[in-house]
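Take a look at the letters that make up each chain.
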Amino acid sequence: MDVHRFHRTHEIVWSGVADDFVTEYSRRMVMSLPRRDQRENGELYISGLLSLTSRKSMRSIASMTGDGAAEQRLQHFISKSSWDWGPVRRALAADLDKALDPLAWVVKPMVVLKAGEHTVGVTESYVPHLGRVVNNQHSYGVWLANDKQSAPVNWQLRLSGKWLADAERRQRAEIPEWVGTDDVGVPPAAAAALELTQAWGLRPRPVIAEARAEEARGLVRHLSAAKVPFVLRITGATRLNPWSAVREGRAIRAMTAQHLAEGADRSGRPVRWLDRIDPVGRSALVTSTDVVLPPGSGTPPLRLVGVQRPGERRARELWLSNMTDVPPAHVVRLGRLRERVDQDFAEISTKVGAMDFEGRTFRGWHRHITLSAVAQGIVTLSAVPDHSVALPSGDRLQIA
């Protein structure tokens, strides 16, 4: 069981996706795999993620072939093989970046409940939307998103200090030596997003991230150091300093974001939003004020943006951004791309096996989630009008 949904036994098969596109695009995505048998298993795995209407286990995917030995081959292909998921993710990201022309990169956390303690990364932690401590596996996906479509291209698995410091656990889950040494102190949400520019060379986009249950200070520090624009959803309890007081050198004490938002300029005009949560549309007042993180000296100003309904004093949404030169309403528009991602996660990711991995190894999880992202990429690209992608043959396949 997971926190997002129950696995239904009858899902919608992606009948609207052309078979030839599934075949050719899957082949393109596994080109980097060094051996023919690996590429064949990769194509089979992606096809199974797209075709099966039940939980996407290796057994169920193998059953499609009618070959009794297929399950063992898939187990080895995902958990024990040597192929690198990095080139697959980079190729997928390049295609989606061109096709979607994303407005932002949205970092979405994914929490999967687990019964035991041996699955890689599993730990007991508090899950805010459940309101309790549960045994779970926690990861972060980076999605390329515009107003109409989104898809994940990169993932980071959250590993607690207990996992990183426990030699026996690391060996059992086959966690590579470099994990926990690279990017020391960088929040996984930031590391997953920064990889898109630092290692993949994608055009930089604003990073949208949930910071209500994370350490906002760490996200701000690392994204700012990388000169990456960001929009963070924060809690009203986040401590900030008013920029005006810092600039004038006045003695100040940190204030809550909620208090600062309530005292912000309210002269702005109400904005009418039309979104997926409220298709009828609603009016909202967008306010903003410049702030800095405590202690504040020597740090650049940030923009605190609040969203509240007319007549209400408390802001329903609070956003923190380093994009101080754009209208506050645009900051909110970018932040609300999280709704786009949440919808596509519920309608596509959960149906192409993003939460279905049953293995226990670090590499196995990364390979499974990568091929699930490819399956989602196929669904997403199939809905992009007048777009084509290069095929292994050098030809181009028109998607729609």
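Every chain begins its residue count from 1, and numbering advances along the sequence as written. For this predicted model, a pLDDT threshold of at least 70 governs which residues receive local features, and a threshold of 80 or more governs which side-chain atom pairs are given and counted, while totals over whole chains, interfaces and linings are taken from all residues. Side-chain numbers here rest on the full set of heavy atoms in the structure, without hydrogens or water.

Student: Give a detailed account of the overall build of the protein chain, specifying residues and quantitative values.
Tutor: Each helix and strand in the protein chain was counted, giving 14 helices and 14 strands. To sort residues, take the accessible area from a 1.4 Å probe on protein chains only and compare it with the maximum for the residue type: under 20% means buried, over 50% means exposed, and anything in between is partly exposed. For the protein chain, buried positions account for 53% of its 400 residues. Residue contacts are counted whenever heavy atoms from the two residues lie within 4.5 Å of one another. The contacts of the protein chain with a sequence gap of at least 6 include a subset with a gap of at least 24, amounting to 63%. Accessible area for the protein chain stands at about 18,400 Å²; split by element, carbon and sulfur atoms hold 50% of it. Each helix is a run of DSSP H or I of at least 4 residues and each strand a run of E of at least 2, with the numbering of both proceeding from the N terminus. Residue exposure ignores everything except the shown protein chains as possible cover, and the areas themselves are Shrake-Rupley values with a 1.4 Å probe.

Student: Please set out helix α14 (residues 362–382) residue by residue, giving values where relevant.
Tutor: For a helix, the expected span equals 1.5 Å multiplied by the number of residues minus one. Its 21 residues give α14 an end-to-end C-alpha distance of 31 Å, which sits within 8% of 30 Å, the value for a rise of 1.5 Å per residue. The buried count for α14 comes to 20 of 21 residues, which makes it a mostly enclosed element. The residue sitting at the N-terminus of α14 and contributing the capping side-chain oxygen is T361; that oxygen lies 3.0 Å from the backbone nitrogen of G364. Two N or O atoms count as a polar contact when they lie within 3.5 Å, although within protein this holds only if one can serve as hydrogen donor and the other as acceptor, and sequence-adjacent residues are included solely when both atoms are side-chain atoms.

Student: Can you tell me about the packing of helix α2 (residues 36–51) against α14, naming the residues and giving the values?
Tutor: Helix-helix packing is characterised by the crossing angle of the two axes and by the distance between the axes. Closest axis-to-axis distance for the α2/α14 pair is 9 Å, and the angle between their directions is 60°. Here α2 is positioned oblique relative to α14, judged by the angle of their axes. Classified by chirality, the crossing of α14 by α2 is right-handed. From α2, Y45, I46, L49 and L50 reach across to α14, where they touch H368, L371, S372, V374, A375, I378 and V379. Axis lines are fitted to C-alpha atoms, over the contacting stretch for helices. Their N-to-C directions set the angle, which ranges from 0 to 180 degrees. Angles below 35 degrees are treated as roughly parallel, those above 145 as roughly antiparallel, those between 65 and 115 as roughly perpendicular, and all remaining angles as oblique. Handedness of a helix crossing follows the sense of rotation of the near helix relative to the far helix, less than a right angle counterclockwise being left-handed and clockwise being right-handed.

Student: Before we move on, can you summarise helix α1 (residues 19–29) with the specific residues and values?
Tutor: Note that an α-helix has 3.6 residues per turn; residues three or four places apart therefore point the same way. Of the positions making up α1, those classed as buried are F21, V22, Y25, S26, R28 and M29. Around the axis of α1, the buried residues are gathered within 155° of arc, so they sit on the same side. Picture the helix axis, draw a direction to every C-beta atom, and the arc is the one those directions span.

Student: Could you give an account of the environment of E210, with specific residues and numbers?
Tutor: You can see E210 is positioned in strand β5 (residues 207–210). For E210, a relative accessible area of 15% puts it in the buried group. As a C-alpha pair, E210 and W319 span 109 residues in sequence and 9.5 Å in three-dimensional space. Once residues within four sequence positions are removed from consideration, E210 is found in contact with V107, L219, R233 and R338.

Student: Please set out the nonpolar core residue by residue, giving values where relevant.
Tutor: Counting residues in each nonpolar core, the largest one holds 112 residues, and the members touching the most others are Y45, L232, I234, L240, L304 and I378. Take this core: its biggest share by element is 10 residues, from α14. Dropping the residues within four chain positions of it, Y45 is found in contact with M58, I61, L74, F77, I78, H368 and L371. Here the nonpolar core consists of buried residues drawn from Ala, Val, Leu, Ile, Met, Phe, Trp, Tyr and Cys, with membership extended through side-chain atoms lying within 4.5 Å.

Student: Explain the packing of α1 against helix α5 (residues 86–100) to me, using residue names and the numbers behind them.
Tutor: For the pair α1 and α5, the least separation of the axes is 9 Å and the interaxial angle reads 125°. With respect to α5, the element α1 is oriented oblique. Residues Y25, R28 and M29 of α1 form the contact with α5, whose own contacting residues are V88, A91, L92 and D95.

Student: An account of the side chain of K56 is requested, with residue identities and associated values reported.
Tutor: With respect to the helices and strands, the residue K56 is situated in the loop between α2 and α3 (58–62). Positive charges are assigned to Lys and Arg, negative charges to Asp and Glu, while His and the chain termini are left out of the count. Just to be clear on terms, a salt bridge is a Lys or Arg side-chain nitrogen sitting within 4 Å of an Asp or Glu carboxyl oxygen. In this structure K56 is buried but unpaired, with D356 as the nearest side chain of opposite charge at 5.2 Å. Here the side chain of K56 touches L52 through a polar contact of 3.0 Å, landing on its backbone oxygen. A polar contact of 2.8 Å, which involves the side chain of K56, links it to the backbone oxygen of K351.

Student: Report on unusual backbone geometry, specifying residues and quantitative values.
Tutor: In the Ramachandran plot, D101 falls in the positive-phi region, its phi being about 45° despite a non-glycine side chain. Here D101 lies in the loop between α5 and β1 (104–113). In this model, K227 sits at a positive phi of 55°, which is unusual for a non-glycine residue. Along the polypeptide, K227 turns up in the loop between α9 (216–225) and β6 (230–233).

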